[in-house]
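What the coordinates show
Chain by chain, the residues:
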Amino acid sequence: MIPDFQNANLLSRISPAKCTIRSGVLLWCHDEAPGRMTTIYTAGLMARNRVKGETDVFVHDVDRDVEDKFSKAFLCRGYLIEEEGSRIRHFTIPSHRSSLGSPFCPL
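Below is a summary of the structure that appears in this document. Here the residue numbers are simple positions, counted from 1 along each chain's written sequence. With pLDDT at 70 or above as the cut-off, local features in this predicted model cover only qualifying residues; side-chain atom pairs require 80 or more to be listed or tallied, and sums for whole chains, interfaces and linings still use all residues. By convention in this description, side-chain values take in all heavy atoms of the structure and omit both hydrogens and water.

1. As for the sheet that holds strand β3 (residues 54–60)
Heads up, the rule is: Note on pairing: two strands pair once DSSP finds at least 2 bridges between them. Helix numbering and strand numbering both begin at the N terminus, where a helix is a DSSP run of H or I of at least 4 residues and a strand a DSSP run of E of at least 2. Simply put, an axis is a line fit to the C-alpha atoms, just over the touching stretch for a helix, and the angle between two N-to-C directions goes from 0 to 180 degrees. Throughout, a residue-residue contact means that at least one pair of heavy atoms, one from each residue, lies within 4.5 Å.
The strand order across the open sheet built from 3 strands is β3-β5-β4, with neighbouring strands paired in antiparallel fashion. Across the chains shown, the open sheet's two edge strands, defined by having one partner strand only, are β3 and β4 (80–84). Neighbouring strand axes in the sheet, compared pairwise and without regard to direction, differ in orientation by 15° on average. Relative to strand β5 (residues 88–94), β3 is paired through 7 bridges, and the arrangement is antiparallel. Pairing of D56 across the sheet is with T92, part of β5. This element, helix α2 (residues 37–48), spans β3 and β5 of the sheet and lies at about 30° to β5.

Shown next as structure tokens:
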């Protein structure tokens with residue numbers, strides 16, 4: 001299934017080995033980035049840029065330092081719905097398009 005975003009041709013230009021689609025959100029990273037830093041950052045931006053609604057983002061291996069810090073910083077603790085032990089976190093990030101003045105992370 002191709003996610004519903006403005007440029008569906010983007011999928012054809014990205015190597016399948018370097019991209020992942022989860023819950024209708026295209027996540028990607030490049031070889032030089034350690035851990036999942038780029039993927040976590042991109043998921044947060046794409047979720048906020050969604051036309052309307054919310055995006056569920058799951059981050060695995062949050063017991064690792066990079067995944068722990070980046071998920072809290074870019075997906076925000078205020079959007080954290082649940083955490084299973086110290087291995088996986090579930091964030092629900094609302095669209096920020098209709099409220100452009102809203103802060104990146106809730107208080």
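2. Brief notes about the nonpolar core
Within soluble globular proteins, side chains that are nonpolar tend to cluster in buried spots. What counts is decided by this rule: In this description, a nonpolar core means a group of buried Ala, Val, Leu, Ile, Met, Phe, Trp, Tyr and Cys residues linked to one another through side-chain atoms lying within 4.5 Å. When accessible area is computed with a 1.4 Å probe and restricted to protein chains, residues below 20% of their type maximum are described as buried, those above 50% as exposed, and intermediate ones as partly exposed.
Counting 11 residues, the largest nonpolar core consists of I40, A43, A47, V57, V59, V62, L75, C76, Y79, F91 and I93. Of all elements in the fold, only α2, β3, α3 (65–76) and β5 reach the threshold of two or more residues within this core. When neighbours within four sequence positions are excluded, I93 is seen to be in contact with G44, A47, R48, G53, E54, T55, V57, L75 and Y79.

3. With respect to the state of the cysteines
Convention followed: In this description, the term disulfide denotes a pair of cysteine sulfurs within 2.5 Å.
For the structure shown, the criterion picks out 1 disulfide. The residue that forms a disulfide with C76 is C105, at a sulfur-sulfur distance of 1.8 Å. Between C76 and C105, the disulfide has an S-S torsion of -65° and is therefore left-handed. Highlighted residues: C76 in helix α3 and C105 in the segment after β5, separated in sequence by 29 residues. Under the relative-accessibility criterion, C76 is labelled buried at 1%.

So far we have only geometry, and geometry alone does not tell us how the molecule works.
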